[in-house]
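Read off the chains here:
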Amino acid sequence: MKNTSLTAVAIGALALATPSLGWAQDATPSVEPAAHTAYILNTVLFLIGGFLVMWMAAGFAMLEAGLVRTKNVAMQCTKNIALFSIASIMFYLIGYNIMYPGDAWLVQDVIGGPSPKGLEPVGGDDLATGYSASSDFFFQLMFCATTASIVSGTLAERIKLWPFLIFTVLLTGVIYPIEASWEWGAGWLDDMGFSDFAGSTLVHAAGGAAALAGAIILGPRIGKYKDGAVTPMPGSSLPLATLGTFILWLGWFGFNGGSQLAMGTIGDVTDVGRIFVNTNTAAAAGALAALVLTQLMYGKVDLTMVLNGALAGLVSITAEPLAPSIAQSIFIGAVGGLIVVLTVPMLDKLKIDDVVGAIPVHMFAGIWGTIIVPFSNGDADYMTQLIGTASICGFVFLVSFVVWAILAAVIGIRASEEDEMQGLDNSEIGMEAYPEFGKGSQFI
Amino acid sequence: MKNTSLTAVAIGALALATPSLGWAQDATPSVEPAAHTAYILNTVLFLIGGFLVMWMAAGFAMLEAGLVRTKNVAMQCTKNIALFSIASIMFYLIGYNIMYPGDAWLVQDVIGGPSPKGLEPVGGDDLATGYSASSDFFFQLMFCATTASIVSGTLAERIKLWPFLIFTVLLTGVIYPIEASWEWGAGWLDDMGFSDFAGSTLVHAAGGAAALAGAIILGPRIGKYKDGAVTPMPGSSLPLATLGTFILWLGWFGFNGGSQLAMGTIGDVTDVGRIFVNTNTAAAAGALAALVLTQLMYGKVDLTMVLNGALAGLVSITAEPLAPSIAQSIFIGAVGGLIVVLTVPMLDKLKIDDVVGAIPVHMFAGIWGTIIVPFSNGDADYMTQLIGTASICGFVFLVSFVVWAILAAVIGIRASEEDEMQGLDNSEIGMEAYPEFGKGSQFI
Amino acid sequence: MKNTSLTAVAIGALALATPSLGWAQDATPSVEPAAHTAYILNTVLFLIGGFLVMWMAAGFAMLEAGLVRTKNVAMQCTKNIALFSIASIMFYLIGYNIMYPGDAWLVQDVIGGPSPKGLEPVGGDDLATGYSASSDFFFQLMFCATTASIVSGTLAERIKLWPFLIFTVLLTGVIYPIEASWEWGAGWLDDMGFSDFAGSTLVHAAGGAAALAGAIILGPRIGKYKDGAVTPMPGSSLPLATLGTFILWLGWFGFNGGSQLAMGTIGDVTDVGRIFVNTNTAAAAGALAALVLTQLMYGKVDLTMVLNGALAGLVSITAEPLAPSIAQSIFIGAVGGLIVVLTVPMLDKLKIDDVVGAIPVHMFAGIWGTIIVPFSNGDADYMTQLIGTASICGFVFLVSFVVWAILAAVIGIRASEEDEMQGLDNSEIGMEAYPEFGKGSQFI
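Participant: I'd love a proper account of a nonpolar patch on the surface, names of residues and values included.
Facilitator: Residue and element names in this part refer to chain B. On the surface, a nonpolar cluster with roughly 550 Å² of combined accessible area is contributed by Ile166, Val169, Leu170, Val402, Ile406, Val410 and Ile411. If you list the elements that add at least two residues to the nonpolar patch, you get α5 (161–183) and α14 (382–410). Within the fold, Ile411 resides in the loop between α14 and α15 (417–422). The class of Ile411 is partly exposed, set by a relative accessible area of 42%.

Participant: I'd love a proper account of the relation of the copies chain C and chain A, names of residues and values included.
Facilitator: Of the transformation placing chain C onto chain A, the axial shift is 0.0 Å and the rotation is 120 degrees, giving an RMSD of 0.0 Å. Taken together, the rotation angle and the small translation identify this as a three-fold axis. Closest to the rotation axis within chain C is the C-alpha of Phe437 of chain C, separated from it by 3.4 Å.

Participant: Account for the side chain of Gln260 of chain C, with residues named and values stated.
Facilitator: All names here are of chain C. The topology assignment puts Gln260 in the loop between α8 (238–258) and α9 (266–298). Of the residues examined, Gln260 reaches a relative accessible area of 12% and is grouped as buried. For Gln260, the contacting residues outside a window of four places in its chain are Phe197, Asp268, Asp271, Val272, Ile275 and Leu322.

Participant: Please set out the relation of the copies chain A and chain B residue by residue, giving values where relevant.
Facilitator: Superposition of chain A onto chain B requires a rotation of 120 degrees combined with a translation of 0.0 Å along the rotation axis, giving an RMSD of 0.0 Å. In this assembly the copies use different faces: only 19% of the residues contributing to the interface of chain A also contribute to that of chain B.

Participant: Just give me the short version of α9 of chain C, but keep the residues and values in it.
Facilitator: Residue and element names in this part refer to chain C. Across its 33 residues, α9 extends 48 Å between first and last C-alpha, which sits within 8% of the 48 Å expected from 1.5 Å per residue. Of all 33 residues in α9, 28 are buried; the element is thus mostly enclosed. One or two residues past the end of α9 sits Gly299, with phi positive at roughly 80 degrees.

Participant: Give me the packing of helix α4 (residues 133–154) of chain A against helix α8 (residues 238–258) of chain A: which residues, what numbers.
Facilitator: Residue and element names in this part refer to chain A. Interhelical geometry of α4 versus α8 gives an angle of 120 degrees and a closest axis separation of 11 Å. Viewed along their axes, α4 and α8 adopt a mutual orientation that is oblique. Considering how the two elements wind past one another, α4 and α8 form a crossing that is left-handed. Residue-level contacts link Phe139, Phe143 and Thr146 of α4 to Gly254, Phe255 and Gly258 of α8. Each residue belonging to the contact of α4 with α8 can be placed in one class, and the counts come to three nonpolar, three polar and no charged.

Participant: Lay out the interface of chain C and chain A in plain terms, naming residues and giving numbers.
Facilitator: On the chain A side, the residues contacting the 107 residues of chain C number 108 residues. Of the roughly 8,200 Å² buried where chain C meets chain A, counting both sides, 77% is carbon and sulfur surface. Remark: the boundary between chain C and chain A carries zero salt bridges. Elements with a contribution of two residues or more to the side of chain C that touches chain A: α1 (7–17), α2 (31–67), α3 (73–99), α4 (133–154), α5 (161–183), α8 and α16 (424–429) of chain C. In terms of residue count, the dominant contributor to the side of chain C that touches chain A is α2 of chain C (22 residues). Among the residues forming the side of chain C that touches chain A, the class breakdown is 70 nonpolar, 26 polar and 11 charged.

Participant: Lay out helix α12 (residues 358–371) of chain A in plain terms, naming residues and giving numbers.
Facilitator: Residue and element names in this part refer to chain A. Taking 1.5 Å per residue as the helical rise, α12 with its 14 residues ought to reach 20 Å, and the 19 Å between its terminal C-alpha atoms agrees with that figure. Of all 14 residues in α12, 11 are buried, a share of seventy percent or more. Listing the buried residues of α12 in full gives Ala358, Ile359, Pro360, Val361, His362, Met363, Ala365, Gly366, Trp368, Gly369 and Thr370.

Participant: Can you lay out the environment of Leu170 of chain B for me, pointing to particular residues and giving the numbers?
Facilitator: All names here are of chain B. Inspection of the secondary structure puts Leu170 in helix α5. Judged by relative accessible area, Leu170 falls into the partly exposed class, the value being 32%. Taking C-alpha positions, Leu170 is 8.6 Å from Val403, a pair spaced 233 residues apart along the chain. In contact with Leu170, not counting residues within four places along its chain, are Ile175 and Val403.

Participant: Talk me through the packing of helix α4 (residues 133–154) of chain B against α9 of chain C; I want residue IDs and the actual numbers.
Facilitator: Running from N to C, α4 of chain B and α9 of chain C cross one another at 40 degrees; their axes reach a closest spacing of 7 Å. The angle between α4 of chain B and α9 of chain C places the two elements in the oblique class. Both α4 of chain B and α9 of chain C take part in a crossing whose hand is left-handed. In contact with Ser134, Ser135, Phe137, Phe138, Leu141 and Met142 of chain B of α4 of chain B, α9 of chain C contributes Gly273, Arg274, Phe276, Val277 and Asn280 of chain C.

Participant: Which residues make up the packing of aromatic side chains, and what are the values?
Facilitator: In total, this model carries 75 aromatic pairs over all chains according to the counting rule given. Ring geometry for Tyr434 of chain B and Phe437 of chain B: centres 5.4 Å apart, planes at 20 degrees, overall stacked. With respect to class, Tyr434 of chain B is no different from Phe437 of chain B; both count as buried. Aromatic rings pair up to connect Phe46, Tyr131, Phe139, Phe143, Trp184, Trp252 and Phe255 of chain A into one cluster. We note Lys79 of chain A situated over the ring of Phe164 of chain A; from NZ or CZ to the ring centre the distance is 4.9 Å.

Participant: Before we move on, can you summarise the environment of Phe194 of chain C with the specific residues and values?
Facilitator: Residues and elements named next belong to chain C. Note that Phe194 resides in the loop between α6 (188–192) and α7 (200–218). Distance from Phe194 to Asp379, taken between C-alpha atoms, is 9.5 Å for residues 185 residues apart in sequence. In this structure Phe194 touches Glu183, Leu189, Thr201, Leu202, Thr370, Thr384, Gln385, Gly388, Thr389 and Ile392, once residues within four positions along its chain are discounted.

Participant: I'd like to hear about the state of the cysteines, residue by residue, with values.
Facilitator: Applying the stated criterion to the full structure yields zero disulfides over all chains. For the unlinked cysteine Cys144 of chain B, the closest cysteine sulfur is that of Cys393 of chain B, found at 17 Å.

Participant: I'd like a rundown of the interface of chain A and chain B, residues and numbers included.
Facilitator: With 68 residues of chain A at the interface, the matching set in chain B holds 68 residues. Contact with chain B buries surface across chain A, with Ile81, Glu436 and Phe437 of chain A losing the most and accounting together for 14% of the total. Where chain A meets chain B, there are zero salt bridges. For the pair chain A and chain B, the number of links is eight residue pairs in polar contact (both at pLDDT 80 or more). Mapped by element, the contributors of at least two residues to the side of chain A that touches chain B are α2 (31–67), α3 (73–99), α4, α5 (161–183), α8 and α16 (424–429) of chain A. Top contributing element to the side of chain A that touches chain B by residue count: α2 of chain A, with 17 residues.

Participant: Tell me about the nonpolar core, and please be specific about residues and values.
Facilitator: Within the largest apolar cluster, 455 residues are counted, with the highest numbers of intra-cluster contacts made by Trp55 of chain A, Trp55 of chain B together with Trp55 of chain C. Setting aside anything within four residues of it in sequence, one finds Trp55 of chain B in contact with Trp55 of chain A, Ile247 and Leu250 of chain B together with Trp55, Leu243, Phe246, Ile247 and Leu250 of chain C.

Participant: Can you lay out the side chain of Ser259 of chain A for me, pointing to particular residues and giving the numbers?
Facilitator: If you trace the backbone, Ser259 of chain A turns up in the loop between α8 and α9 (266–298). At 2.7 Å, the side chain of Ser259 of chain A and the backbone oxygen of Phe255 of chain A are in polar contact.

Participant: Break down the confidence of the model for chain A for me, citing the residues and quoting the values.
Facilitator: Residues and elements named next belong to chain A. Put simply, chain A has an average pLDDT of 91, and 91% of its residues get 70 or more. Here residues 1–33 scores under 50 on pLDDT; set against residues more than four positions off or in separate chains, the count is 68 contacts. This stretch, residues 440–444, has a pLDDT under 50; its non-local contacts, to residues over four places away or in other chains, come to 15 contacts.

Participant: Report on the pattern of salt bridges, specifying residues and quantitative values.
Facilitator: Following the criterion strictly, the structure yields 12 salt bridges over all chains and no others. A salt bridge links Asp353 of chain B to Arg221 of chain B, with the nearest nitrogen and oxygen atoms 2.8 Å apart. Of this pair, Asp353 of chain B sits in the loop between α11 (326–349) and α12 (358–371) while Arg221 of chain B sits in the loop between α7 (200–218) and β3 (225–226); the two residues are 132 residues apart in sequence, bridging distant segments of the chain. For the pair Asp353 of chain B and Arg221 of chain B, a shared accessibility class is recorded, and that class is buried. Among the salt bridges present, the one from Glu157 of chain C reaches Arg221 of chain C, with a minimum N-O distance of 2.3 Å. With Glu157 of chain C in the loop between α4 and α5 and Arg221 of chain C in the loop between α7 and β3 (225–226), the pair connects residues that are 64 residues apart, well separated along the chain. Of the residues examined, Glu157 of chain C reaches a relative accessible area of 1% and is grouped as buried. Each member of the salt-bridge network shares a partner with another, and the members are Arg69, Glu157, Arg221 and Asp353 of chain A.

Definitions and limits used
- Residues numbered from 1 in each chain as written.
- Chains lettered and ligands numbered in written order.
- Predicted model: local features only at pLDDT ≥ 70, side-chain atom pairs only at ≥ 80, totals over all residues.
- Heavy atoms only, no water.
- Patch = residues over 30% accessible without salt bridge, like charges linked within 9 Å, V, L, I, M, F, W, Y side chains within 5 Å.
- Areas by Shrake-Rupley, 256 points an atom, 1.4 Å probe, with all protein chains shown as cover.
- Salt bridge = Lys/Arg side-chain N within 4 Å of Asp/Glu carboxyl O.
- Helix = DSSP H or I, 4+ residues; strand = E, 2+ residues; numbered from the N terminus.
- Buried < 20%, exposed > 50% of the residue type's maximum accessible area, 1.4 Å probe, protein only.
- Least-squares fit on C-alpha atoms with pLDDT ≥ 70 in both.
- Contact = heavy atoms within 4.5 Å.
- Expected span 1.5 Å × (residues − 1).
- Axes fitted to C-alpha atoms, helices over the stretch in contact; angles between N-to-C directions.
- Parallel < 35°, antiparallel > 145°, perpendicular 65-115°, else oblique.
- Left-handed = near helix turned anticlockwise from the far one by under 90°.
- Nonpolar A, V, L, I, M, F, W, Y, C, P; charged D, E, K, R; others polar.
- Buried area = accessible area lost by both parts, 1.4 Å probe.
- Phe/Tyr/Trp six-rings, centres within 6.5 Å; stacked < 30°, edge-to-face > 60°.
- Lys NZ or Arg CZ within 6 Å of the ring centre and 35° of its normal.
- Disulfide = S-S within 2.5 Å.
- Polar contact = N/O pair within 3.5 Å; in protein donor to acceptor, adjacent residues only side chain to side chain.
- Core = buried A, V, L, I, M, F, W, Y, C linked by side-chain atoms within 4.5 Å.
- pLDDT = per-residue confidence, 0-100.

If you want it as structure tokens, here you go:
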């Protein structure tokens, strides 16, 4: 594979184009190809980045299917494929143009105007954009869907299907697009200098805030907090949860790397390379930090914490995966992992029942990652980062809280006690996830 | 997808940079880089598209492993990895050259001449093709394998291993290549103006037709249809089935996007972007249509129908993923999802036992997708689409029927009653898929 | 991520090439774009190749989780995510620079100098390398992690977590980088003309040798070899093992294809195409060879052998995936598959307990693949291949043996008898992988 003769590749490539070949002495340079080639390469980044982030939907589905009990696994699978589908439709119908209103703001720099997103013509016609608008839509859609995926795990095992889906319609069509427009749509936070490269706050903390609002209104699972003690309700399949984590880890290269938004120059593609390395390093550091800390705290390694530690590392580096050195990425990711281990019990103390740990992983580590951006990126400042993450978390939490409260009041969001005890697969889906395996007790 | 006009891609790429365009009169244009770069980018599309479609083999394996009962799961895994391997060898040995005979037809425009496919030399030597022939072989092979994957699920739980593998040899080596040559190999359907962009009919309906023929000859599982009632035989693992669906969804971006066959121009890569969006949208619409319809029909959401709805949406858009608007893609995919929900019970009425629903998903939705092409693509017409899909389904069904009948007569294709009751894992594979979990009853 | 300043990307791209910049008047040739474009494409190969190989970590995790018994599944998941994380940190800290010392050898051509790997600056600054150094680090790191993954399966079900992790630190930080430097770091084996394209020996046989040393010192599982008989201890989930195999198969396109190290010329990208085809073909041949041979030997197809046969085919072609014809790839891969079927019982006779068959798959097939390189590649010779693979296997085995022996003596590497009987999930992780399913007997 690699050895010293590799340098010859580059030299050879240069040689191909040097005047010594004779054809260029009397030549006008090839003007067009550069812009065309850059357009193609930028589009390829969106497409590859997009399919990798799409794959994260499978990661969330497996992570959550593994971390809930067998009696709720089919429900969790249903929610995950449905929410992704809803996001795909809603982001087209109104979400994309709310998020990227251009000049069509309803409220300048705060709320974009809703309208369906049109595709560019077959064959394309606008070199000047620098990339295919369809590929950009595809990529951005996946971020919208990711935000909804985060909510699904927290509220597992007791929420009814249809209220969840209705919330997803609003989250992916309106709530996410509005807050994301503030930064990525050139809204007020972007004007202010807020910095969130790939969405530690815009996607992850926002999803976590929506989940937190839901968890508070929904209340904990029956029996979870009893007589001051926390009842463990172990997930049905740790290998599926592990698979989900690996899928998310893989998809995150698209999430962060694709957020460079261009690879038509050597500077851009080099930055994508840096982002891949930092993203991977932060995940590794988060996993190892959780591994060591759980060993120290509990005398045994806690696999679910290691998985969530890796995810927290990924969330933490997402606000700034480009600027850090590898050493800084280790620090940023490791702190993310520690945050998860330390805040999961805290939520339990507050009797906020987050089935898969999504609030610590996505919201708390997301806030951490956003606030620490100035540590590695001199263009950001701590105060603006605080304002940005507080504004977005606050906005999403409040709006979500209102929506959940209305849904709870109007149609009810919580399964009946009997349905919860028997499992939502029975009441909501009418089929078992593992009909031939043990079904577990009614209570665990 | 591929036909004789493909060569024009490369020629077009060259033309883009030739002096005849007028901008280069006083200059030797930089002709080479453009064509070289286009060659590289086209090849990259085949490679990425190809590995994504290869990944669909894992999707079928997981989908089917999840939808059969535990006692047949190892058998289903074996069949899936074996059929993919057989396709890889047979398509090399004779399939590719039957499918793309060039001038070497045995029967002009109907049956190509069989011969092994040779690789181009190391380092390549033919810029004029516009892409690496190896990458094209790799990509096309995956479509052949996909066709065989479709058959595997329908016939699960009662077919013997070796007859299935023998059929796979014929399907991947001869049957698929012949019918695919009619369109993509520039055969008689291509001459006629038939349009099937990525294979709603050539791959999916064809695979479904082969499965249908097998299901008729094989007969239903013991106890499936008794006293006029349909006995539900629920699958062993819905999360694996969900995972399989997500894998297929991901792989489909390669399936449809790669079928653009070129991304060396901004027009081509833009079209790949459009295709990604439409493919994703149709899947989402198919899933949601099945979700809503099963809720309305049965009062509960049926997860397996949602999964199959997503797949039907994907199959439906495959004949024309480029031309539709997003709104049209929603329509095309949603109808696909509805077709599945409505036709699964119909097959049961006919006592055709399709274990995973592959005939509705791949054949019925595939026919739908093919016939509806003129709705979005003005170059197609309904009559030709009807003739094309009828010809291919008819040909594959009849040939498959004969092959299955011969296999049944000569070596027997059906496991013994005792083996079927005990599960094929025991009789054919000699190992259990989940030796430590419950094995389920003998009858369910 | 996206905001209004994005338009500047396209404008910048255009500006770079327009005459208005002044550099084109006197027809300076367009030298830069060719080298720039090649740089971008080479980097893209590293990035795509890298994320595909990263995905192999999930493949090993699923393969091993499926092949161990339920009581050790969480442990196996923990080991796999932890070892990947450790590799990510150690390869940065010292591994990369030991492997690619440039002029900084500690012992010339034998031991590189350890130092952390620095990232190139944001935006990149060195076109002359021909690719982004970060992308190269990312890609190479994944090979280091793969080596460690191989060890994990062999030693399953009886090794303690922390000694395994300590060994992983040394393997990924020191042992692998040293032996890999001999060939890919331009060390003494490279000087000698040894040929190992993508690491049949450097990665796979090396990982297998480290596993073999560990298995010898660790000893077999309790009850595995009793009264001269071999007790089968079937894995908990064959579909997960199948999934793992498909994941590895997919990832291998990155492993071998990416090892071309460049795709900025049509020759290079064509070679990547050839490599994809040969890699796929060898895997298929390995699977089918194992399928047929187990049918002949045992009267039934053995799925785990088919899976391992596919992997052995992949390992076998890895030393030379470029030069062979497809027919040669079939031969090379098929022999790999046969080797596995024939040597698994041999290890059992020697009472070397390799839980997942990693030693036959990675070491034996790896040696086979390396020695057979001259069969298809005239630049290699059998004697040098023998010396190379013997040196690397010998070195890794001996050093690993010493490290395992020291670990065994100082902290102990083997779980207590009671812990092994109850399962390592209980003693080391404190949670069950499938708490609601059957736990199996204590002995199986």
